Amino acid sequence: MRVVKVLNNSLVLALDDSGAETILMGKGIGFHKAIGYEFQRDEVEKVFVLKDRSISRSIIRLAAETDSVYFELAKSVIDYAIEQYGMKLLDHIYLSLTDHLAFAVKRLREEIEVPNFYTNEMKKFNPNEYQVGVYAVEQVREKLRLQLPADEAGNIAFHFINAQVDHPYNEKNRLINRVTEKVLQIVQYYFQLVYQEESTSYSRYVTHVRLFAQRLVSKQLLPQESSPLLYEQIAAACTREFACVEKIALYVRENFRMELSNQEAMYLALHIHRVLEEGRG
């Protein structure tokens with residue numbers, strides 16, 4: 001494999017023996033390498049065959065914009081996931097995780113925090129991926145002397161869920177995400193809302209909607225409220241919210257052949273009410 005261009009200390013653009021363009025990855029692989037240098041196989045840690053030109057352009061762009069330390073960090077975390085949990089990962093994770101780590105550190109330095117409202121669910125439903133996220137946070141602390149927020153472990157875990165070949169939760173997670181987005185859209189369009197995404201009410205609302213989506217997808221909706229008095233009081237006080245919940249119930253009926261219990265409807269209405277109240281303030 002012959003060097004065509006050194007992208008950074010961790011990445012080199014090369015031609016293989018058949019003349020195909022490849023990206024070679026390895027710690028320090030590009031250091032003091034001239035064009036035309038012939039690599040031996042044992043000098044290379046990872047080879048990407050660039051069949052897709054868009055991926056080629058993405059890697060070259062990322063290499064130009066990103067310090068090689070993030071490529072090395074991403075590779076060490078990916079190696080950990082493979083060795084510790086036997087994960088079979090699609091190559092795009094080398095790009096997405098590198099980009100994520102670099103951007104997470106940039107946000108930290110600029111004091112911008114992006115919370116992950118699903119951390120507890122991630123621990124429960126995807127413990128291996130979550131532990132890989134924890135390992136990544138530890139690696140950033142060890143290598144860069146920077147402490148990412150604890151929630152970042154959950155954000156990183158999403159990359160490993162999405163990049164796995166035949167991940168058992170992939171399809172379920174995608175469906176949960178679609179349901180969550182649809183419910184948020186129904187409420188947004190019904191009230192012509194601009195969500196205050198930094199607010200506490202919004203974060204609790206999104207968390208509740210996602211938990212509702214999980215119960216729906218798992219066919220384990222909350223049972224009927226045993227005390228109808230509470231339900232009737234809230235329904236009388238939140239007529240607009242319940243009218244909106246009926247739109248959600250219609251979506252559930254048409255797509256899942258299930259009926260919302262009065263308890264599910266009540267809690268959805270309460271969270272919508274809090275978001276509306278905060279929006280007015």
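The coordinates are above.
Residues numbered from 1 in each chain as written. Predicted model: local features only at pLDDT ≥ 70, side-chain atom pairs only at ≥ 80, totals over all residues. Heavy atoms only, no water.

As for helix α6 (residues 152-163)
Taking 1.5 Å as the rise per residue, α6 with 12 residues should run 16 Å; its terminal C-alpha atoms sit 17 Å apart, in good agreement. For α6, the tally of buried residues reaches 10 of 12 residues, placing the bulk of the element in the interior. (Helix = DSSP H or I, 4+ residues; strand = E, 2+ residues; numbered from the N terminus. Expected span 1.5 Å × (residues − 1). Buried < 20%, exposed > 50% of the residue type's maximum accessible area, 1.4 Å probe, protein only.)

Some remarks on the pairing of strand β3 (residues 21-25)
Of all five residues in β3, four are buried; the element is thus mostly enclosed. Of the strand pairs in this sheet, strand β2 (residues 11-15) and β3 are connected by five bridges, and their pairing is antiparallel. Of the residues in β3, the one forming a bridge with leucine 13 is isoleucine 23. Linking β2 back to β3 in an antiparallel pair, the connection comprises five residues, with glycine 19 at a positive phi of about 90 degrees. (Pairing = 2+ DSSP bridges.)

Thoughts on the pattern of salt bridges
In this structure the tally under the stated criterion is seven salt bridges. Arginine 253 is the partner of glutamate 246 in a salt bridge, and the nearest nitrogen-oxygen pair spans 3.4 Å. The partly exposed category is assigned to glutamate 246, whose relative accessible area is 43%. Judged by relative accessible area, arginine 253 falls into the partly exposed class, the value being 29%. A salt bridge links arginine 253 to glutamate 259; the nearest nitrogen and oxygen atoms lie 2.9 Å apart. Under the relative-accessibility criterion, glutamate 259 is labelled exposed at 53%. (Salt bridge = Lys/Arg side-chain N within 4 Å of Asp/Glu carboxyl O.)

Comments concerning the pairing of β2
In terms of burial, β2 is a largely internal element, four of the five residues being buried. Inspection of the sheet shows strand β1 (residues 2-8) paired to β2 by five bridges, in the antiparallel sense. Across the sheet, valine 3 pairs through a bridge with alanine 14, a residue of β2. Joining the antiparallel neighbours β1 and β2 is a turn of two residues.

Points about the layout of surface pockets
Here the second largest pocket defines a volume of roughly 210 Å³. As for the second largest pocket, its lining consists of 13 residues, and the residues nearest its centre are Lys27, Glu72, Leu73, Ser76 and Lys143. For the lining of the second largest pocket, the secondary structure elements donating two or more residues are α2 (68-85) and α5 (127-144). With six residues, α2 is the largest single contributor of residues to the lining of the second largest pocket. Class assignment for the residues of the lining of the second largest pocket results in four nonpolar, four polar and five charged. (1 Å grid on protein atoms, 1.4 Å probe; cavity = no way out; pocket = protein on both sides within 12 Å on 5 of 7 lines; lining within 4 Å. Points joined across faces, edges and corners; volume = space filled by probe spheres on them. Nonpolar A, V, L, I, M, F, W, Y, C, P; charged D, E, K, R; others polar.)

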